[in-house]
Amino acid sequence: MTHESEGMPPLASLDGWRTFMSQSLPEPPALLPEAAWRGLDRIERAVYDQARTAYHDELLLVSTPAIRRITTTGMKLIARNGRRQTGRKGLIVSGPSGTGKTTSVSQLGKRHQLAVDRRSPVDISGERVPVVYIVTPPAVKPRDLVVELAAFLGLPYAYRESPQVITHNVISVLHKVGCRLIVVDEIHNLDLTTRNGQDASDQLKYLFEQIQATFVYAGVNVSENGLFSGLRGRQLAGRFITLHTGAFDHDTAPQREDWERVVATMESTLRLHRHTPGTLRKQAAYLHRRTGGMIGSLDQLIYEAANDAIADATEKITKRHLEAVVLDTAAEEARR
């Protein structure tokens, strides 16, 4: 699930993170009574349909077992690490594309920040930054990481300033603003087979040791990408707990029940006039075959089909609508 839209700042910036924190679940538009709906003129119908389509396009968050496991484990680590000066542990979230890694770690960040705000609702200084979220650049070098942290914080730096100076300033500011959670997404861009990647890994290790915060890394199949290989990889593995996201399985009764619950949750949010509740849940096996059990693909499939049902005025999702949706590559790979 993405957290950006046109005109919105990126999540990997303080403004973007604060925008994300301020967002609540979109208010579902009320379905009009039958007579009122039929009585809409052309312009009124267009406005009404646009509101429902935009609601479906919000890609509503569904709390999956993986998201709950990651946020619960992360919150426990944050609490435990807050009482330790040494021996802290981090969290790695690993899995294929489209399995909810970014959604999971961003929800962990939101949950932590909400907990901080509840404990101390008044930020007198206006400088509190409980969570930092950055994205690992491709072919990352050590300087890139601290520059990303500085950019998130809005911390000015000179182009020719040494990485050591920027690092010192970033660490000082992170202590000052009370940061206790640092999320580093797309960690698979860290290539330990290259000198730059090795140096960047050493930089992360130094930041881990110097900043009294819980570090959470998220990336695509990190073990397969060599993140735990060699001496540096073994050191990393010893300091982090790894949790995996993946496609929903559909082999056992409990697995099928988990999948059906996710389908039913999405179905319950639809704003269609002719859709019979439970229709999609009955097609859960088909939906699993189409999506390969990928939560992001299911999200796309259901809501795109719903908007097509609004556009053609059928007002209910049919097999034809579902078959017409072209899914992402991740879903196709998961089906193989």
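Everything below is about the structure printed above this text.
In this text the structure is predicted, and so the values were computed from the model without any measurement.

Enquirer: Is there a simple way to explain a negative patch on the surface in this structure?
Expert: On the surface, Asp57, Glu58, Glu304 and Asp308 cluster together into a patch of negative charge. Along the polypeptide, glutamate 304 turns up in helix α13 (residues 295–311). Looking at glutamate 304, the relative accessible area reads 32%, which means it is partly exposed.

Enquirer: Looking at this model, I keep getting lost on the nonpolar core. Mind explaining?
Expert: A general trend in soluble globular proteins is that nonpolar side chains are found buried together. Counting 57 residues, the largest nonpolar core has Val132, Phe152, Ile182 and Tyr217 as the members making the most contacts within it. Sorting elements by how many residues they give to this core places helix α6 (residues 142–153) first, with seven residues. With 25 residues, the next largest nonpolar core counts Val62, Leu280, Ala284 and Leu301 among its residues.

Enquirer: Which parts of the structure should I look at to understand empty space enclosed by the protein?
Expert: Tallying each qualifying case throughout the model produces two cavities of 30 Å³ or more. Here the largest cavity defines a volume of roughly 130 Å³. Broken down by secondary-structure element, the contributors of at least two residues to the lining of the largest cavity are α8 (195–210) and α9 (230–239). The dominant element in the lining of the largest cavity, judged by the number of residues it contributes, is α8, at five residues. Across the lining of the largest cavity, the residue classes break down as seven nonpolar, two polar and four charged.

Enquirer: Help me out: how do you make sense of the environment of asparagine 189 in this one?
Expert: Summarising the element assignment, asparagine 189 is placed in the loop between β3 (181–185) and α8. With relative accessibility at 22%, the residue asparagine 189 sits in the partly exposed group. It is 6.7 Å that separates the C-alpha atoms of asparagine 189 and valine 140, two residues lying 49 residues apart in sequence. Once residues lying within four places of it in the same chain are set aside, the contact partners of asparagine 189 are Thr136, Pro137, Pro138, Ala139 and Val140.

Cut-offs and rules
- Residues numbered from 1 in each chain as written.
- Predicted model: local features only at pLDDT ≥ 70, side-chain atom pairs only at ≥ 80, totals over all residues.
- Heavy atoms only, no water.
- Patch = residues over 30% accessible without salt bridge, like charges linked within 9 Å, V, L, I, M, F, W, Y side chains within 5 Å.
- Areas by Shrake-Rupley, 256 points an atom, 1.4 Å probe, with all protein chains shown as cover.
- Salt bridge = Lys/Arg side-chain N within 4 Å of Asp/Glu carboxyl O.
- Lys, Arg positive; Asp, Glu negative; His and termini not counted.
- Charge placed at Lys NZ, Arg CZ, Asp CG, Glu CD.
- Helix = DSSP H or I, 4+ residues; strand = E, 2+ residues; numbered from the N terminus.
- Buried < 20%, exposed > 50% of the residue type's maximum accessible area, 1.4 Å probe, protein only.
- Core = buried A, V, L, I, M, F, W, Y, C linked by side-chain atoms within 4.5 Å.
- 1 Å grid on protein atoms, 1.4 Å probe; cavity = no way out; pocket = protein on both sides within 12 Å on 5 of 7 lines; lining within 4 Å.
- Points joined across faces, edges and corners; volume = space filled by probe spheres on them.
- Nonpolar A, V, L, I, M, F, W, Y, C, P; charged D, E, K, R; others polar.
- Contact = heavy atoms within 4.5 Å.

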